[in-house]
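Below are the chains, spelled out letter by letter.
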Amino acid sequence: MRIFKMNAKKYALVTGAADRIGKAMSLELVSMGYGLLLHYRSSKDKAVQFEKELRGMGAEVELINFDFDQENDFVAFFENLQRKGITLEVLVNSASEFKPSGFEDPGSANLHALLSSNFEGPYLLIKAFAKVFKSGVVINMLDTKITRDYSEHLDYILAKKMLSEFTKLAATHLSPAIRVNGICPGVILPPVGKGQEYIDKLAAKIPLQRPGTLKDIQRALRFLVESGFLTGQIIFVDGGEHLVI
């Protein structure tokens, strides 16, 4: 069992923290001494189990539940944390919805749903974080495909492109007290329902010709949190994929 040394009331919030990349980043932040605001939307069972694991390691954890598809008063949410003596120092916007969509799809239902989780939610959280806590670090999880203008996931990529631009806007407007950076993962984990063979096939097309790992994401996260002279930067953790595809 790994025991973490905690700094009480110094917290990080990771959205979508109960699974996959969000879980890996949560573990890294806890190892850095942060308490964790463990956010979930519908994965309550996974979140509760992860909370138990972290408490067993000596971490301070609070479960947080909200849905980006609903109206949320994030200013009130953060002010309530303040009243409890919690200082939020790191905000990681990791929660994401991913599904195919294209020009052939009628209406805007996909657009509304994918903008909500991939752009509007992080946008609102960052503004509320800046208003209430006034200093800290924000990291937005993006996607290596933001460099492309062709995708079978039109609305998802559009939302991530918007979040990428907002990362730079926020870095400019919120400095010097708040640093804002982004991470663009590439071939790290297979999509739900796919296996290792799927990502090995994708990785064969990129310069490093191998998939990345969750540890690669954790290293990038730690670097951005600890590098006090970095803001407005977007790091591609993608084995060079954005250079050639």
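Analysis parameters
Residues numbered from 1 in each chain as written. Predicted model: local features only at pLDDT ≥ 70, side-chain atom pairs only at ≥ 80, totals over all residues. Heavy atoms only, no water. Helix = DSSP H or I, 4+ residues; strand = E, 2+ residues; numbered from the N terminus. Buried < 20%, exposed > 50% of the residue type's maximum accessible area, 1.4 Å probe, protein only. Contact = heavy atoms within 4.5 Å. Areas by Shrake-Rupley, 256 points an atom, 1.4 Å probe, with all protein chains shown as cover. Lys, Arg positive; Asp, Glu negative; His and termini not counted. Charge placed at Lys NZ, Arg CZ, Asp CG, Glu CD. Pairing = 2+ DSSP bridges. Axes fitted to C-alpha atoms, helices over the stretch in contact; angles between N-to-C directions. 1 Å grid on protein atoms, 1.4 Å probe; cavity = no way out; pocket = protein on both sides within 12 Å on 5 of 7 lines; lining within 4 Å. Points joined across faces, edges and corners; volume = space filled by probe spheres on them. Nonpolar A, V, L, I, M, F, W, Y, C, P; charged D, E, K, R; others polar.

## Here we look at the overall build of the protein
No. 1: In terms of helices and strands, the protein carries eight helices and seven strands.
No. 2: Each principal axis of the C-alpha atoms in the protein carries an extent, and together these give about 50 × 40 × 40 Å.
No. 3: Considering the protein as a whole, with its 245 residues, one finds that 48% of them fall into the buried category.
No. 4: Within the protein, counting contacts between residues at least 6 apart in sequence, those at least 24 apart form 75% of the total.
No. 5: Counting every atom, the protein has about 12,300 Å² of accessible surface; 53% of that belongs to carbon and sulfur.
No. 6: Where the 30 positive side-chain charges of the protein centre and where its 28 negative ones centre are 6 Å apart.

## Looking at the sheet that holds strand β4 (residues 87–93)
No. 1: Judged by pairing direction, the sheet is parallel, and its seven strands sit side by side in the order β3-β2-β1-β4-β5-β6-β7 without closing on themselves. Looking at strand neighbours, the two that pair on one side only are β3 (61–65) and β7 (234–237), the edges of this open sheet. Across the sheet, the axes of successive neighbouring strands diverge by a mean angle of 20°, strand direction being ignored.
No. 2: Here five bridges tie strand β2 (residues 35–40) to β3, and the two strands are oriented parallel to one another. Residue pairing in the sheet places Leu36 in a bridge with Val61 of β3.

## Let's talk about the environment of Ala18
No. 1: Take Ala18: it is sitting in the loop between β1 (10–14) and α1 (20–31).
No. 2: A relative accessible area of 8% places Ala18 in the buried class.
No. 3: Linking Ala18 and Ala47, residues 29 residues apart in sequence, is a C-alpha distance of 4.8 Å.
No. 4: Setting aside its immediate chain neighbours within four residues, Ala18 contacts Lys23, Leu38, His39, Ser43, Lys46, Ala47 and Phe50.

## Overview of empty space enclosed by the protein
Over the atoms, a rolling probe the size of a water molecule traces out where space has been left empty.
No. 1: Per the stated rule, a full pass over the model turns up one cavity of 30 Å³ or more.
No. 2: In this structure, the largest cavity spans a volume of roughly 30 Å³.
No. 3: Lining the largest cavity we find Thr15, Phe68, Asn93, Ser94, Ala95, Ser117, Asn118, Pro122, Met141, Lys160 and Leu163.
No. 4: Secondary structure elements with two or more residues in the lining of the largest cavity: α4 (109–132) and α5 (154–174).
No. 5: With three residues, α4 is the largest single contributor of residues to the lining of the largest cavity.
No. 6: In the lining of the largest cavity, the residues fall into five nonpolar, five polar and one charged.

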